[in-house]
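Architecture and fold: a report
What follows is each chain in one-letter form.
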Amino acid sequence: MSSVSAHVALTLAQHVDAVFGVMGNGNAYFLDALERETDAQFTAVRHEQGAVVAADAHYRASGRIAAGTATYGAGFTNTLTALAEAVQARIPLVLVVGDEPTSGPRPWDVDQIALASAVGARTYTVGRADAASTTVIAIEHALTYRVPVVLAIPYDVASIDAGPVPAAPQPRSPAPMEPRGEFAEGMLGEMAQALRDARRPLLLAGRGAWLAGASEPLGALAEATGALTVSTALGRGVFPDTRYDLGVAGGFGAEGAMELVKEADVAVVFGASLNQFTMRFGELFAPGTRVYQVDVAPAATHAHVGGFVRGDAGVVAAALVDRIRVGRSGADAGSAGVAGTWREQVDVAAARAYEAGDDVAPDGRLDPRAAARRIAELLPEDRIVVSDGGHFIGWANMYWPVASPDRMMMVGTAFQAIGQGWPSVVGAARARPESTVVLTSGDGGGLMAIADLESAVRTAGGRGCAVIWNDAAYGAEVHLYGLKGLAKEPMHIPEVDFAAFAGAVGAEGVVVRTLGDLDRLAEWSAQPDDQRRFLLLDLRISPTVVAPYQQEIIRVNS
């Protein structure tokens with residue numbers, strides 16, 4: 001007998017190799033078929049939110065769509081925060097859930113379609129005759145629109161016989177978007193001319209450029225124009241030549257680098273939404289900078305954009321390279337040297353330097369800046385960094401370089417959520433089994449998701465490391481609302497021994513009170529991963545050191 005749930009599992013497994021979740025009544029038959037009849041790898045997490053988070057992180061780390069699964073009712077509602085994050089971050093994934101019977105809801109059922117719709121996710125419900133085709137439609141929707149989808153299996157059809165699994169067509173992936181129409185052609189010409197004439201050209205790229213595979217043409221465009229480059233936090237590493245790269249734009253950027261950005265006379269933005277943090281709340285570019293944007297969005301996404309082309313970042317970057325080279329092959333050939341002088345004259349390394357910080361802050365606790373710098377020196381080079389949300393996000397983003405955008409992910413920041421760090425380790429570890437996965441998390445988010453500390457340790461093993469920035473507080477709230485005079489007691493957390501938590505689930509925990517205590521990380525990094533345990537560093541940091549991006553938020557909100 002091949003049940004409706006088996007049709008879903010067998011069809012899904014043709015396109016998805018990793019599934020994360022918690023078993024319950026609503027998905028029991030689905031998981032049984034997945035385990036017995038497919039090669040897809042199921043990884044159990046301990047909270048349903050972690051199922052979606054892990055699938056989200058898996059895609060960010062690998063570019064391969066993954067699935068989460070939960071039961072109906074309470075299991076489904078536990079996924080909603082993570083589902084909202086995936087919608088906001090434009091992450092394709094499939095969430096397979098049980099649902100109410102076709103005969104109507106029971107006392108413990110909720111309107112799951114309405115709840116999913118409320119956070120921006122579409123639901124596809126399978127039946128006895130269409131389970132396989134509906135599964136393919138759901139996958140195709142997720143990939144086409146880069147969004148999560150919910151695939152619901154009603155309780156009363158989950159185990160009924162649906163006959164042999166029919167052949168289903170492959171999901172279609174959309175072709176790269178080409179600029180179309182006279183306006184787009186004219187704007188491409190204007191952008192190419194502006195870059196040719198620029199004395200201080202700048203290219204800014206985001207995660208969208210990485211997803212478009214635009215690294216190579218962007219590198220060629222930077223070379224052709226002599227531009228300095230800069231990226232968003234989620235796009236770091238997208239430019240192949242780091243010699244002229246200013247690092248991250250916005251609040252995570254070094255002050256010297258951001259001053260150079262303001263000197264640009266022409267800036268072209270690829271695959272970046274220009275949110276308020278990237279734009280330093282409107283102060284990233286100088287008033288005289290001519291800003292152009294290339295994106296697949298229907299229109300420019302910031303008021304400072306003066307020219308917009310809708311199209312794939314890689315396609316447009318390559319087209320601009322061709323236009324610039326053709327334009328310079330004749331009478332304009334001499335202007336190439338003008339554009340190439342700015343980046344040769346500035347000291348990029350000095351501009352990218354961050355404050356070193358002190359070994360300890362005046363209150364006797366670790367200065368997070370010094371700790372971040374030391375950790376960066378000791379972590380394995382082949383690393384993937386996953387970040388929870390909270391005040392601490394500045395430290396890893398500023399001080400821990402990564403090789404490419406798929407090696408730094410911040411699951412939760414799109415929806416301004418905390419508590420998604422531990423299950424992010426699970427998804428990244430399954431996606432990239434050759435690399436060390438490093439979690440950066442605060443004590444607030446670390447406690448919120450503590451159930452999946454066990455999942456992270458079990459999945460990553462010796463390839464996993466967690467850094468907990470333990471300031472005994474919800475730091476972002478302390479630094480913003482505490483300064484406004486609000487009561488601080490709700491913002492404080494009794495100091496928790498995360499090292500002890502680590503030992504309880506089979507990991508190694510180290511309480512770090514001095515930079516010398518980080519020597520254990522050096523020893524751990526030197527060991528083969530099959531000879532070491534998951535390492536958790538419980539950093540007792542000072543709550544008095546405020547991250548620069550947080551200072552910007554304070555300034556804007558004060």
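Going by the structure above, here's the rest.
Everything in this summary refers to the structure shown in the same document.

About the thresholds
Residues numbered from 1 in each chain as written. Predicted model: local features only at pLDDT ≥ 70, side-chain atom pairs only at ≥ 80, totals over all residues. Heavy atoms only, no water. Pairing = 2+ DSSP bridges. Helix = DSSP H or I, 4+ residues; strand = E, 2+ residues; numbered from the N terminus. Axes fitted to C-alpha atoms, helices over the stretch in contact; angles between N-to-C directions. Contact = heavy atoms within 4.5 Å. Buried < 20%, exposed > 50% of the residue type's maximum accessible area, 1.4 Å probe, protein only. Parallel < 35°, antiparallel > 145°, perpendicular 65-115°, else oblique. Left-handed = near helix turned anticlockwise from the far one by under 90°. Expected span 1.5 Å × (residues − 1).

1. Overview of the sheet that holds strand β8 (residues 228-231)
Overall, parallel pairing links the six strands, which are arranged β9-β8-β7-β10-β11-β12 in an open sheet. Looking along the sheet, the strands with just one partner apiece sit at the ends: β9 (245-248) and β12 (307-310). Neighbour to neighbour, the strand axes of the sheet diverge by 15 degrees on average, direction disregarded. Two strands pair when backbone bridges link them, and β8 and β9 are joined in this way by two bridges, in the parallel orientation. By the bridge assignment for β9, Ser231 is matched with Val248. Running at roughly 115 degrees to β9, helix α11 (residues 255-263) makes contact with β7 (201-205), β8 and β9 of the sheet.

2. Examining the pairing of strand β15 (residues 436-442)
Of all the seven residues making up β15, seven are buried; the element is thus mostly covered by neighbouring parts of the structure. Sheet topology places β15 next to strand β16 (residues 464-470); six bridges connect them, and they run parallel. The partner of Ser441 across the bridge, within β16, is Ile468.

3. A look at the packing of helix α3 (residues 48-62) against helix α18 (residues 421-431)
Following both chains from N to C, one finds α3 and α18 inclined at 40 degrees, their axes separated by 7 Å at the closest point. Considered as vectors, α3 and α18 are oriented oblique to each other. For the pair α3 and α18, the sense of crossing is right-handed. Contact residues: Gly50, Val53, Ala54, Ala57, His58, Ala61 and Ser62 in α3; Pro423, Ser424, Val426, Gly427, Ala428, Arg430 and Ala431 in α18.

4. Some words on the sheet that holds β15
The strand order β14-β13-β15-β16-β18-β17 describes an open sheet built from six strands, whose pairing is parallel. Looking at which strands have only one partner, the edges of the open sheet turn out to be β14 (408-410) and β17 (508-512). Direction aside, the axes of adjacent strands within the sheet are offset by 15 degrees on average. Sheet topology note: the strand β13 (residues 383-387)/β15 ladder contains five bridges and is parallel.

5. Re helix α8 (residues 181-197)
With 17 residues, α8 ought to run about 24 Å at 1.5 Å a step, and its terminal C-alpha atoms sit 25 Å apart, in line with that. Listed in full, the buried residues belonging to α8 are Ala184, Met187, Leu188, Met191, Ala192, Ala194, Leu195 and Arg196.

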